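Here are the chains, one letter per residue:
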Amino acid sequence: MIKNITNQSCRNKFTVHSFSMKRPVRISANGITYKGTEENGKIIIDNIKVKPGTECVVFDVDGAKNIYFRLSGNYCFNYVKEIHIGKNVREVCIKNSMFPNVNLVTSDNIRFENGRDVLIHDGMLLNSFYKTQDSILDMKGVTAIADFAINRCKAKNVINTHSLKELKTRAFSGYDCFADPETKTKIFGDVIVDIDMNAETIEIPDDRYNIRIVNKLIDSKHNKAIRIHKYKTLKKLVNHKLPNKLIVDIKGDEDEFWEFQSVLEDYYNDSFDSFEIYGSRYFKTYDGILYSADMSNLILCPQSKTGKVNIPDGVKRISENAFKYSKIDEIYMPSSLKSIGKNAFKRCERLHTVSLNQGLEFLGHNAFDMCRQLKNIEIPSSIRVIPDYCFEDSPLEKLILNEGLIEIKESAFRHTQGEIHLPNSLRNIERYNFIEVHSIFVNSKVLPQGLLTSVAEQSNTSDDDTVVINYDDTSLCIPKLFMFGHVYDALKVMERLSISDIIDNSDVFLLSNCA
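Below or above, wherever it landed, is the structure these notes cover. (Residues numbered from 1 in each chain as written. Predicted model: local features only at pLDDT ≥ 70, side-chain atom pairs only at ≥ 80, totals over all residues. Heavy atoms only, no water.)

Per the secondary structure count, the protein includes 4 helices and 42 strands. Look at the contacts in the protein between residues 6 or more apart in sequence, and 35% of them connect residues 24 or more apart. (Helix = DSSP H or I, 4+ residues; strand = E, 2+ residues; numbered from the N terminus. Contact = heavy atoms within 4.5 Å.)

Listed below in structure tokens is the structure:
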């Protein structure tokens with residue numbers, strides 16, 4: 001609802017009766033004189049004089065539809081208490097110093113807010129005027145702050161900044177009444193507007209304020225760490241270039257702790273090479289890596305962490321995605337470790353050394369997939385099943401499979417190379433395994449189910465490409481193009497026979513004895 005203009009003189013508008021080509025304009029009424037130019041119905045006012053004692057200034061020109069007030073000069077009309085905006089005004093550009101004591105803005109214009117003590121145009125704060133220290137600066141509905149909008153404003157009590165989304169470069173020029181001046185982190189309401197980028201550690205005072213960061217303030221070039229006190233603050237730092245170390249110093253309740261891991265993975269993990277957490281009931285850090293508070297679960301390694309990692313004794317589980325994309329090159333497991341989650345080391349492209357402990361019982365899907373530098377691995381006898389795609393695109397050259405292994409799932413060792421020794425305990429091999437292997441040693445007369453069909457199932461190999469099955473002093477050559485012949489089903493029949501029976505019937509199966 002548009003309020004009535006409090007001063008009767010404000011109801012009188014200035015009138016321009018006719019328009020022509022560009023010409024100077026001078027308009028006087030009610031103790032106010034405007035000067036400017038007019039062209040084709042557009043009036044630009046750039047100068048104003050206000051008679052002493054005048055308490056209300058009207059920004060309007062009757063009969064004009066496009067009016068722009070761009071007032072220059074170093075005038076100060078400190079006796080003006082009210083400004084009124086007419087319905088045809090398109091722009092008002094004034095300095096706080098020109099009308100320092102205005103405490104009411106009225107408007108007939110839907111683009112300018114009516115009944116406020118500040119000047120707001122389409123959600124942008126244009127002028128706060130010279131508010132005193134005990135005043136309240138109410139930012140309700142303000143989405144942006146214009147350059148110099150709060151210049152020389154003294155109000156410290158700033159409220160309702162929750163809609164604020166944009167700060168112009170010089171929005172806070174001439175304003176020094178920030179909430180937390182001793183930390184060099186400047187806060188306006190609940191919005192951080194400036195940070196000491198020369199400090200070794202960026203301090204976010206989220207333990208004292210429910211802060212937000214609107215502009216992209218953090219672009220770390222000199223900072224070594226950033227310290228926060230609430231997990232949810234991490235969400236507010238999206239799109240900022242953060243320092244290498246994240247310090248979480250918990251003070252009070254641990255709100256939203258359950259989202260901490262996912263937020264790190266989704267938005268920030270590649271920013272850090274080290275985590276530090278203090279005062280948490282749920283998390284602990286060791287060597288820059290995030291663990292559960294009881295150190296039984298390794299939760300997350302920063303992606304930018306490099307070098308060797310020794311997981312401490314007592315850890316039982318490595319969470320899924322824990323080292324995904326990390327830059328580490330060596331990992332050593334403790335004897336206490338029982339489980340490695342899916343994708344745990346996926347695409348660790350610098351990882352060349354992995355020491356799997358005896359006692360490890362579970363490997364997740366894709367656990368070591370796409371580890372391009374990983375050439376050697378030994379699977380402990382405590383592992384019964386190698387899951388799908390576990391080492392799929394890791395070009396292993398030396399693979400040791402110990403007794404106790406029962407099954408190898410699809411594509412677990414798709415691009416493994418060199419020669420393979422299969423344990424007697426192995427019963428089943430699913431498709432797309434050992435497709436680049438040319439020599440396989442078995443110690444049992446009975447071949448694992450799926451071995452022959454797996455190694456022969458090729459689509460991009462030469463006519464004379466073979467895999468050699470070695471048993472005792474006997475070697476049997478299997479053509480890798482077998483699956484495309486009319487006798488491919490013979491492989492499945494062969495897998496149900498002992499290797500001696502296969503050799504005895506090699507002429508039936510169109511095979512050759514490599515010896």
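What the 3 strands build is an open sheet, ordered S34-S36-S38; its pairing is parallel. Each of the sheet's edge strands pairs with one partner strand only, and the pair in question is strand S34 (385-386) and strand S38 (428-429). Two elements, strand S36 (residues 407-408) and S38, share 2 bridges in a ladder whose sense is parallel. Bridging from a neighbouring strand, Glu 407 pairs with Asn 428 of S38. (Pairing = 2+ DSSP bridges.)

Before going further, it helps to examine the layout of surface pockets. What the largest pocket holds in volume is close to 290 Å³. Taken together, 15 residues form the lining of the largest pocket, with Cys 93, Ile 94, Leu 126, Asn 127 and Asp 147 sitting closest to its centre. Contributions of two or more residues to the lining of the largest pocket are made by strand S9 (89-93) and strand S12 (124-127). Broken down by element, the lining of the largest pocket gets its largest block of residues, 3 residues, from S9. Each residue belonging to the lining of the largest pocket can be placed in one class, and the counts come to 7 nonpolar, 5 polar and 3 charged. (1 Å grid on protein atoms, 1.4 Å probe; cavity = no way out; pocket = protein on both sides within 12 Å on 5 of 7 lines; lining within 4 Å. Points joined across faces, edges and corners; volume = space filled by probe spheres on them. Nonpolar A, V, L, I, M, F, W, Y, C, P; charged D, E, K, R; others polar.)

Here we come to the sheet that holds strand S5 (residues 56-59). Pairing in this open sheet of 3 strands is parallel, and the strands run S5-S8-S10 from one edge to the other. In this open sheet, the two edge strands, each paired with only one partner strand, are S5 and strand S10 (104-107). Across the sheet, the mean angle from the axis of one strand to that of its neighbour is 20°, orientation sign disregarded. Note that S5 and strand S8 (residues 82-85) share 4 bridges and pair parallel. From the neighbouring strand, Val 57 faces S8, where its bridge partner is Ile 83. (Axes fitted to C-alpha atoms, helices over the stretch in contact; angles between N-to-C directions.)

Moving on: unusual backbone geometry. Even without being a glycine, Asp 122 presents a positive backbone phi close to 50°. One non-glycine residue with positive phi stands out, namely Phe 434, at about 60°. Secondary-structure assignment places Phe 434 in the loop between S38 and strand S39 (439-442).

On to the environment of Ile 211. Within the secondary structure layout, Ile 211 lies in the loop between strand S19 (201-203) and strand S20 (212-213). Take Ile 211: its relative accessible area is 1%, and that puts it in the buried class. In the structure, Ile 211 is positioned 23 residues away from Phe 188 in sequence and 9.2 Å away in space, judged by C-alpha atoms. The residues contacting Ile 211, other than those within four sequence positions of it, are Ile 187, Asp 190, Ile 192, Ile 204, Pro 205, Asp 206, Thr 233 and Lys 236. (Buried < 20%, exposed > 50% of the residue type's maximum accessible area, 1.4 Å probe, protein only.)

In this section: empty space enclosed by the protein. On inspection of all chains with the given rule, the structure shows 2 cavities of 30 Å³ or more. Estimates place the volume of the largest cavity at around 50 Å³. As for the largest cavity, its lining consists of Leu 422, Pro 423, Asn 424, Leu 426, Val 442, Asn 443, Ser 444, Val 446 and Pro 448. Residue composition of the lining of the largest cavity, by class: 6 nonpolar, 3 polar and no charged. The computed volume of the second largest cavity comes to approximately 30 Å³. Taken together, Tyr 231, Lys 232, Lys 235, Glu 256, Glu 259, Phe 260 and Val 263 form the lining of the second largest cavity. Residue classes in the lining of the second largest cavity are distributed as 3 nonpolar, no polar and 4 charged.

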